[in-house]
Every structure is written in C-alpha cells, then in structure tokens.
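Structural overview
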Amino acid sequence: MSSGEPPLPPIDLPRLERSLRHPRSLLSALLSLMTGLATLVACIPLFSVLLMLLYRGGRSLSLASFTELPPAALQAGGGFGNAIVGTALMVAIAAVLSVPMGILAAVFLALLGGDSKLAWAVRLTAKTLAGFPSILAGVFAYAAVVTTFGGYSAPAGGVALAVLMLPIVMLTAEQAIRMVPTRMKEAAVGMGCTPSQVVCKVVLPTAMPGILTGVMLAVARAAGETAPLLFTALFSNYWVVHDGELRWLEPTASLAVLIYNFSGSPFDNQVEQAWAAALVLVLLVLVVNVTAQAFSRKQIRD
Amino acid sequence: MASPLTSADSRPVDPIVVGIHSGPRRSETIFDRSFRGLCYGSALLTLVLMAGIVYQIGYRALPAVERCGWGFITSTRWDPAAEEFGVLPEIWGTFYSSIIALGLAGFFGISIAVLLSQDFLPPRVEGFFKHVIELLAAIPSVVYGLWGIFVVIPWLRPIAGWLHEYLGWIPLFGTSLSGPGLLPASLVLAIMILPTVSAISRDALKAVPIRLKEAAFGLGATRWETILGVTLPTASRGLFGALVLGFGRALGETMALAMLVGNSNQLSISLFSPANTLAALLANQFPEAGEREEPVLLYAALVLMAMTIAVNLIGAIILQQTSARFGGVLDEQR
C-alpha cells in the first residue's frame, strides 16, 4: 500500500552504542574504575583491622579471659573478667541516668515543645553534645563528681558515659516518636485520652523499636569509650565485688582502659591480653549494633 | 433535657459513658500534669547539663586563664617547673593531623558515597555496604589505636625511612619516623572518620532530585558528566557539611591519637616527627596532673571545647540549610 510513495531518505543517526573509543565514554569508564579502586583501597585498612583482631585476638582468647584477673608484668595467663564486669556496670549506670531522661526530653521535643524557643535550644544542645569530644565528658565528670565526692569510682565513669549517651538516645527517640502516624494519636485523643495517656499508651509503645535502636546504639558507643574513663573510673586489678563486699565507689576496671593500658606494655602477655580484650569489645559492640539495626526494621512508619 | 446521669426513660446508664461525659478523673489529671512536667523538666535538665559542663570546665580553668591569658595559645613552652605553659604545638598538631585526615577521608569517603548512591551497584548490595559502613563507625577508637601501634607503624617505618633518606630536603619528610608520629596518627584518624564522612555524603547525594539527573541524561550526558556536572554541585553543601562534621570528629578524637601521635611538645612541619594534640595532651597528662597543672589542663580543655563546638555548629547549620533548600523539591517528588 505504501509502494507508491517515494522511499524515505536515510536518516543520519549518530552511533548510539557506547564504545570506549569515544573519549567521553572512555573518561566515564576510567572514572568509574577509579572510584571502584578508591573504594577497594579504603576497604583494605578496615579489613586489616578485622583480620588482625580475629588473628591476634582469637589466638589468645580462652575461657580464662572471662574468669581471671589481668596478669601482672611477666606473669603468664590471666584474663580480663573484672574489666568486662566493670564495663557492664558503668554502662548500666550510664543507661539508668541517660535513657529515661533522654526519652522524656524526646517526648517534649517531638510532641509538647512544638516550635518553642526552648525546644529549639534543647535540640541545638543535644546536637552539640552529640559532636562533643568524649574526653571533655571525662573532664566534666572529673570536675563534677570525682573532685566533689573525693575519689575515682564507677558512678563517676557512669556519669561521663551518660553525657555521651544522652544525645544519641534523645535524638533517635525524637525521630522515632515523630514517625508515629498522626491518625493513631488522633484516634487516642478522640477516645478521650489525656495528652500523657496518648504518649504512654499509644505513642511510646508504637515508637518503641525506634527508641530501642537509639538506646542500643548509645550502649554500643558507651561500651567502647576510653577517654571519659581514664580519669573518672581509672582502672583496677580487682573484681568489683572483692573481700565479700561491693566496692563500686573505688576505681573500677573497664575493657577499653585495659586495652589502652596494655597496648603500650613491654610484656608480650599483656599485649596479647589487650588484643583478646579488643576482640571481645568489638564483638560486643557489633552484636549490640546489629540488634539495634534489627529493631529499627520493626519500626512502624507513617 | 434529661440529666447526663439518666437516659431518656430515667434508667441509670452505663458508668463508662458517664466517665466520658465527666472528663478525665482527678488521678488522670494529676498523672497528666506530672508526666508533662517530667518531660519539660528533662528538656530543661539537658540545658542545665550543658551549662554545667561549660561552668565546671570554665570555672576550674579560671586560675590558669588569669595567669596565662592569651599567651597560653601562642606560647610553645610547657615547663611545669617554671610554671610556664603554652599549647601552640598542641593546637597546631590538632589542626595538622585533622586536616591530613580530612583530606584523605574526604577523597575516599566521597568516592565511596558516589559508588554507593549513583546506581553503580544493585540496591541490595548498596544496602549491605551501607550497613557495613555503619558497623565500622561503631568500632571503638581504642581498638583502632591498638591496630595502629602494631600494624600501621611497622608498615610505615620503611616507607618513611626511604622518603626521609632520598627526599629529606622537602620539609614534610624532614625527620625520620622512629615510632609514633604525626603521619601514622593522621592515617588512623582518616580511617576513623571515613565512615562518618561517607555516610553523610551518601545521604546528601541521595537527596539530589532524580529529575535533575534524568534531565542531564536526557541531554546526552554520560554517567560521569552527570555526576561531576549535576549531582556533586547540587549536593555540594551537604558534602561540605559532611566534611565539616568529619573535621569536628577528628578534632575531638582522643584515644587513637594519644596512642599514636608520640606526645611530644614540638612544633614541626615534618610528617614523621612526633607531635601532640589537645585531646591527647588531656588523656596523657590529666591522670598524673598535680594541683598546679590541673587548671592549666582544664584551660586546654576549654580551648578544645570552643574549637569543636564552633566547627560542629557550622556543620549543623550547613546541613540544615541544605535540607531547607531541597525540602520543597523533595516534598513535590513524594
């Protein structure tokens, strides 16, 4: 039917297929290659850290690591059981101090404060604290707790860690509370709930996975912190409970400070203990982090 | 009209209905008031805590501030016996190591962010790497320090020795690396802030509206012409914010530096000479500080606090402006 029409003139199509002979696509491919290489190079140290931890830490890790006290110079064997207990104790103190306060302040920021000046100032303060050098939290706890109550102690370390945990708990909880669907809050108000009942019975249970994510991340951060403990909790070669009584108002051991102290040790056994402690600490922190990410997947989003 | 307590045919009604009519009970009102008070109090307590930190450090540093004045920041002498203190080498070391770390972490971090945000990889692989980066940010700094002592320094020493021998006339390589020094510290610092920089950069690149990229592709741009010409410039503020926040982290980082930098109170441009930073000075000297040195160290803490708060505030403001700038475009897309 179109046989009567003249044939269409051939269209001069540019070559559309990609060829590396074109300088433009060659440049693009080269840049892609470079980015890939840069990423690989950046991965080398990170994998080196993990491999060294597994190799040197795994070599000296044993059951005794968890049950025995740190070895003295030239002493063989030993472990860091007291440091694990100390870290757990101080992180627990820090969590008791910072988690309730952080969640309550987050409720204020997300629901009650609105756009008030106070909410603005609190949010700015929390963001400032989130980027705060950890050593300054230690200096603060030293000045506020150690010099006031006269002595290095687990609570002083706990206060220092709480300062670092508070902004993480507060800012993630605020985000989680903001994600609670408005219609759920409105339904609760419609049923005659007071604002506090809306928060306690609807908002907080719904936002709980997100809040727990923040708490876990804060715990992971606190467990690994060294600088705030250097001159608040110091270190101890004994168990928290020794001679039959709880001695938490005395210097307390922690994993992080043990790694720091033993890293510069001239004695091989102590260095090996430092590597084993580092492996335990990293595993602890990673497990808590992975749990936190699992919680964050459960969060109901609007 | 019938009273709310009786229905139309005068029979008593369900007490629950009465409860709704009569508003919240007294106990509920008291709970409501006190809970809201608690929230309000916690928020205020955050401000009190911040003020307490500034007060505690500032007040106890006061004797040193009065005695040393501005000379503290410009003097290079640290002589407890003569009661002369200056932290210029520490300030120099803090900035020098942070800038080297930022240069490295910026280049590699943004490369990773581009690779993980510009559809180079399938979404599942991208998500996996995002989680891995988040996990790496969680490794404690003391572990990086330990790794630095036993891996980075032995690895760097022959390289540094060669550079010093053949290129020693360049001031950067003016001394040999005898152990701890500025370069190993900066390298480890770069590795530590890399996750921060790449995670925030990735968020910034992801926030660039897809329409802009599609327009560039439609005009015939190659993938990298789009990235260099459209995506990176559009996200530049966010990238800058990521760098500033990474810089803030580097300034305040303590343990890895205390373990690797060498704690030597000297002002040197050489990459291999031992140096010191403010945070490392605090970590090393504070536990053994006598009454005379304590206010001086708190003064150093005050300087460090001022530096990091300034840098972090700048970073936060830049990031906030970025989200305000693209907020409209992004909302439209949804």
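Residues numbered from 1 in each chain as written. Chains lettered and ligands numbered in written order. Predicted model: local features only at pLDDT ≥ 70, side-chain atom pairs only at ≥ 80, totals over all residues. Heavy atoms only, no water.

**Let's talk about the overall build of chain B**
This is how it is decided: Only DSSP runs of H or I reaching four residues or more are called helices, and only runs of E reaching two or more are called strands; each is numbered from the N terminus. Only the protein chains shown count as cover for residues, and all accessible areas are computed by the Shrake-Rupley method using a 1.4 Å probe.
What chain B contains, in helices and strands, is 13 helices and two strands. Counting only carbon and sulfur atoms, one obtains 66% of the accessible surface of chain B, whose full area is about 15900 Å².

**Some words on the packing of helix H5 (residues 134-149) of chain A against helix H6 (residues 154-179) of chain A**
Residue and element names in this part refer to chain A. Which entries qualify depends on this criterion: Between the N-to-C directions of two axes lies an angle of 0 to 180 degrees, each axis being a line fitted to C-alpha atoms and, for a helix, fitted only over the stretch in contact. Roughly parallel covers angles under 35 degrees, roughly antiparallel covers those over 145, roughly perpendicular covers 65 to 115, and oblique covers all other angles. Two helices that cross are described as forming a left-handed crossing if the nearer one is turned anticlockwise from the farther one by less than a right angle, and a right-handed crossing if clockwise. Here, residues are in contact when the closest pair of their heavy atoms is within 4.5 Å.
In the contact formed by H5 and H6, the axes pass within 8 Å of each other and the chain directions differ by 135°. By the criterion of interaxial angle, the relationship of H5 to H6 is oblique. Read as a crossing pair, H5 and H6 show a hand that is right-handed. In this structure, H5 uses Ser-134, Ala-137, Gly-138, Phe-140, Ala-141, Val-145 and Val-146 to contact H6, whose residues at the interface are Ala-156, Val-159, Ala-160, Val-163 and Leu-164.

**Structural notes on helix H4 (residues 88-115) of chain B**
For clarity, the threshold we go by: What a helix is expected to span follows from its residue count: subtract one and scale by 1.5 Å. Each residue is assigned to one of three classes by its accessible area relative to the maximum for its type, calculated with a 1.4 Å probe on protein chains only: buried under 20%, partly exposed between the two thresholds, exposed over 50%.
Over its 28 residues, H4 of chain B runs 40 Å from end to end, which matches the ideal 40 Å to within 8%, given 1.5 Å per residue. Burial analysis of H4 of chain B places 20 of its 28 residues in the buried class, the great majority of the element.

**Points about unusual backbone geometry**
Positive phi, normally seen in glycine, also occurs at Leu-234 of chain A, with a value near 55°. Relative to the helices and strands, Leu-234 of chain A is located in the loop between helix H8 (195-224) and strand S1 (241-242). A relative accessible area of 26% means that Leu-234 of chain A is categorised as partly exposed. In the Ramachandran plot, Asn-263 of chain B falls in the positive-phi region, its phi being about 45° despite a non-glycine side chain.

**Structural notes on the side chain of Glu-126 of chain B**
For Glu-126 of chain B, the position within the fold is in helix H5 (residues 123-137). Other than its neighbours up to four places away in sequence, Glu-126 of chain B contacts Leu-116, Ser-117, Asp-119, Leu-121, Arg-202 and Lys-206 of chain B.

**Here we look at the pattern of salt bridges**
This is how the line gets drawn: For salt bridges, the criterion is a side-chain nitrogen of Lys or Arg within 4 Å of an Asp or Glu carboxyl oxygen.
For the structure shown, the criterion picks out 15 salt bridges over all chains. In this structure, Glu-253 of chain B and Arg-249 of chain B form a salt bridge, with 3.8 Å as the shortest nitrogen-oxygen distance. When its relative accessible area of 10% is taken as the criterion, Glu-253 of chain B is described as buried. Ionic contacts of the salt-bridge type, sharing partners, join the residues Arg-56, Arg-59 and Glu-272 of chain A into one network.

**Things to note about the state of the cysteines**
Condition: Whenever a pair of cysteine sulfur atoms sits within 2.5 Å, that pair is classed as a disulfide.
Scanning all chains against the criterion turns up zero disulfides over all chains. Cysteine Cys-200 of chain A is unpaired, with the sulfur of Cys-39 of chain B as its nearest cysteine sulfur at 7.9 Å. A relative accessible area of 28% places Cys-200 of chain A in the partly exposed class.

**A short note on the interface of chain B and chain A**
Put simply, the test is: Defined in terms of a 1.4 Å probe, buried area is the accessible area two parts forfeit on being brought together, summed over both.
With 72 residues of chain B at the contact, the number on the chain A side is 73 residues. The junction of chain B with chain A conceals about 6600 Å² of combined surface from both sides, 79% of it contributed by carbon and sulfur atoms. Area buried by chain B at its contact with chain A is led by Leu-146, Trp-147 and Trp-224 of chain B, which between them contribute 9% of it. Scanning the region where chain B abuts chain A turns up one salt bridge.

**Topic: a nonpolar patch on the surface**
All names here are of chain A. Threshold: What goes into a patch is any residue over 30% in relative accessible area without a salt bridge, connected to like charges within 9 Å or, for nonpolar side chains (Val, Leu, Ile, Met, Phe, Trp, Tyr), within 5 Å.
Together, Leu-20, Leu-26, Leu-30, Leu-33, Leu-37 and Leu-40 make up an exposed nonpolar region whose accessible area comes to about 590 Å². Here Leu-30 is to be found in helix H1 (residues 23-60). A relative accessible area of 45% means that Leu-30 is categorised as partly exposed.

**What about the confidence of the model for chain B?**
All names here are of chain B. The cut-off we apply is this: As a per-residue measure, pLDDT tells how confident the predictor is, with possible values from 0 to 100.
Counting all residues, the mean pLDDT for chain B is 85, and 90% of those residues have values of 70 or more. No element of chain B has a lower mean pLDDT than helix H1 (residues 15-21), at 52, and none a higher one than H4, at 94. Taken as a whole, residues 1-8 scores under 50 in pLDDT and shows eight contacts with residues more than four places along the chain or in a different chain. Segment residues 327-334: pLDDT under 50, and seven contacts once partners within four positions in sequence are set aside and those in other chains are kept.

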